[in-house]
Amino acid sequence: MAQTYDFIIVGQGLVGSLVAMDLIKRGKSVMVMDHNHDQSSSAIAAGLINPISGPRLHLVSQFESYIYKAKKKYHELESFWNTSLLIPVTQHRKILSEFEKEYLDKRLLDSKYHPYIIKSEYKKTLFVPSPYESIEIRESYYLEVKKLLGLCKKYFIERGSYQNEKFDHQTLQHKTDCITYKNIQTQSVIFCEGHQVRFNPFFSHLPLNPSKGEIISVSMKSEKKFLHNWGHWMLPVKNNVWMLGANFTREKLDTQPTQEALNFLLGSAKENLTLPPFDMIAHEAGIRPSTKGHLPLIGPHSKYPKLYCCNGFGSKACLKAPYYSELLVDHILDGRTIPKEFQKCL
Ligand SMILES: Cc1cc2nc3c(=O)[nH]c(=O)nc-3n(C[C@H](O)[C@H](O)[C@H](O)COP(=O)(O)OP(=O)(O)OC[C@H]3O[C@@H](n4cnc5c(N)ncnc54)[C@H](O)[C@@H]3O)c2cc1C
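Residues numbered from 1 in each chain as written. Predicted model: local features only at pLDDT ≥ 70, side-chain atom pairs only at ≥ 80, totals over all residues.

Digging into the overall build of the protein chain
Line of reasoning, step 1. Along the protein chain, the regular secondary structure elements total seven helices and 21 strands.
Line of reasoning, step 2. Relative to the compact-globule value of 20 Å for 346 residues, the protein chain shows a C-alpha radius of gyration of 21 Å, a close match.
Line of reasoning, step 3. Each of the three principal axes of the protein chain carries a C-alpha extent, and together these read 70 × 40 × 40 Å.
Line of reasoning, step 4. By residue count, 42% of the 346 residues in the protein chain fall in the buried class.
Line of reasoning, step 5. Intrachain contacts of the protein chain at a sequence separation of at least 6 include 73% that bridge at least 24 residues. (Helix = DSSP H or I, 4+ residues; strand = E, 2+ residues; numbered from the N terminus. Rg over C-alpha atoms; globule rule 2.2 N^0.38 Å. Buried ≥ 20, exposed ≤ 12 C-beta atoms within 10 Å, placed from the backbone. Contact = placed C-beta atoms within 7 Å.)

So, the domain arrangement of the protein chain
Line of reasoning, step 1. Entries for the protein chain in the domain assignment read domain 1 (3–45 + 146–207 + 293–343) and domain 2 (88–141 + 209–288).
Line of reasoning, step 2. Put simply, the middle of domain 1 and the middle of domain 2, counted by C-alpha atoms, are 31 Å apart.
Line of reasoning, step 3. Taken residue by residue, the interface counts eight residues in domain 1 and eight residues in domain 2. (Domains from an automatic or database assignment.)

Regarding the nonpolar core
Line of reasoning, step 1. Among the nonpolar cores identified, the biggest contains 83 residues, and I9, V19, F191 and C310 are the most heavily contacted of them.
Line of reasoning, step 2. Broken down by element, the residue count for this core peaks at nine residues, all from helix α6 (residues 317–334).
Line of reasoning, step 3. Counting the residues that make up this core, at least three belong to each of domain 1 (3–45 + 146–207 + 293–343) and domain 2 (88–141 + 209–288).
Line of reasoning, step 4. Apart from the residues within four sequence positions on either side, F191 is in contact with V10, G11, V197, N200, F203, L307, Y308 and C309.
Line of reasoning, step 5. I52, I95, I117 and I135 belong to the second-largest nonpolar core, a separate cluster that totals eight residues. (Core = buried A, V, L, I, M, F, W, Y, C linked by C-beta atoms within 7 Å.)

Regarding the sheet that holds strand β3 (residues 48–49)
Line of reasoning, step 1. Across the sheet, which stays open at both edges, the three strands sit in the order β3-β10-β6 with antiparallel pairing between neighbours. Only two strands of the sheet have a single partner each, and these edge strands are β3 and β6 (86–88).
Line of reasoning, step 2. As paired strands, β3 and strand β10 (residues 141–143) are joined by two bridges and run antiparallel to one another. By the bridge assignment, I49 is partnered in β10 with Y141. (Pairing = 2+ DSSP bridges.)

Section: the site of the ligand
Line of reasoning, step 1. The local shell around the ligand holds 44 residues, among which G11, G13, S42, G194 and G213 are the closest.
Line of reasoning, step 2. Contributing elements (two or more residues each) for the shell around the ligand: α1 (14–25), β2 (30–34), β15 (211–220), β19 (278–288) and α6.
Line of reasoning, step 3. Considering only residue class, the shell around the ligand consists of 18 nonpolar, 19 polar and seven charged.
Line of reasoning, step 4. The residues that make up the shell around the ligand include at least three from each of domain 1 (3–45 + 146–207 + 293–343) and domain 2 (88–141 + 209–288). (Near = placed C-beta within 6 Å. Nonpolar A, V, L, I, M, F, W, Y, C, P; charged D, E, K, R; others polar.)

Describing the sheet that holds strand β7 (residues 91–94)
Line of reasoning, step 1. Strand order in the open sheet formed by eight strands is β8-β9-β7-β16-β17-β18-β15-β19, with mixed pairing between adjacent strands. Each of the sheet's edge strands pairs with one partner strand only, and the pair in question is β8 (117–120) and β19. If you compare each strand with its neighbour and ignore which way they point, the axes differ by 25° on average.
Line of reasoning, step 2. The pairing of β15 with β19 spans ten bridges and is antiparallel. Along β19, the bridge assignment pairs I215 with E284.
Line of reasoning, step 3. Against the sheet, helix α5 (residues 259–272) engages β7, β15, β17 (233–236), β18 (241–245) and β19, with an angle of about 55° to β15. (Axes fitted to C-alpha atoms, helices over the stretch in contact; angles between N-to-C directions.)

Focus: the environment of L172
Line of reasoning, step 1. Tracing the backbone through its elements, the reader meets L172 in strand β12 (residues 172–174).
Line of reasoning, step 2. Distance from L172 to V19, taken between C-alpha atoms, is 20 Å for residues 153 residues apart in sequence.
Line of reasoning, step 3. When near neighbours in sequence (up to four residues on either side) are disregarded, L172 contacts I179, Y181 and V189.

Quick word on the pairing of strand β9 (residues 134–137)
Line of reasoning, step 1. Inspection of the sheet shows β7 paired to β9 by four bridges, in the antiparallel sense. Each residue of the ladder has a partner; that of Q91, found in β9, is I137.
Line of reasoning, step 2. Both β8 and β9 contribute to a ladder of four bridges, which runs antiparallel. Pairing of K119 across the sheet is with I135, part of β9.

Quick notes on α6
Line of reasoning, step 1. Between its first and last C-alpha, α6 extends 24 Å over 18 residues, near the 26 Å set by a 1.5 Å rise per residue.
Line of reasoning, step 2. Residues of α6 that are buried: A317, C318, L319, K320, A321, P322, Y324, S325, L327, L328, V329 and I332.
Line of reasoning, step 3. Trailing α6 by a residue or two, G335 shows a phi angle of about 75°, which is positive. (Expected span 1.5 Å × (residues − 1).)

Set out below in structure tokens:
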């Protein structure tokens, strides 16, 4: 006999997890499908949320709206499971060049940057000083993404809302009043497949521009437990574990860690920080679902309106996914408008 769910959600990375939690909160039944977080970039991400990015020290557009929604969502989930997920962190950033220094001077004169950037001192940090100053960047956080994925997965399993399965797009059938997938009948399917949406025949045309990144975890004792950012970063997490990341390449898009990236990241850390002795614990690689116009891809398929996409968060999923997953759910359930630029390629 056919099982009926309001929604099938394909992919239980950060995005699929948030979409599913939002739908459940709104009283909808969901079936989440994922195949062991295979190639999930959420499963390896550091979870950083940073208001100021790039060598131009640019304030992320709409940061205030995104961080408001992110804090609300993650704090709600923290209360639900009585645990911590979103961790505030003090971020110190080293100014590396005349170019960055020029932008810093501009930013310090601009009142919109005042809540986020203040001057700091090298001696507080592990940095090898540069000829330029260092700054502290306020409103920085990291999300315990792996923990969140684990909690969501357990919750979905307990509700009978989870199937460990590689979704087979060819098996999906469009009927007049519903969609069927094997023995499941549903109103809509929401695809949250991260970079693997490239292999989804309904959405393979999306302007994805994925990039590979690698992260190293080390065990290291230091009292200077700050997020150190010099273009690359080192983040203290728990129990003397620090994460070091991340490189960026579009050359060979696979999830194999490489010796080249390891040498590059360790070299960069040693050049910019005075590091106490450390032991390497892990080295992981993933693929960011970045897009050509740096815009997320949210909304219904242009030909098959019962199929939806929620994707394209690049390196800012932890900040932006709570905002856009809610926008998509409000669109589906209440008709809230999704701005055209996010839908135009679907
Ligand atoms: C090295 C690195 C560091 C990063 N650091 C940060 C950071 O600090 N902060 C930040 O915000 N972002 C960071 N990111 C980016 C972030 O990881 C991604 O934007 C985000 O995790 C994407 O989430 P997602 O749910 O869209 O995709 P994913 O996490 O990739 O999840 C997609 C899921 O779909 C499943 N799936 C795909 N196809 C199918 C199918 N056919 N059937 C069933 N299941 C399927 C996969 O198994 C996977 O579990 C980083 C990325 C990398 C690579």
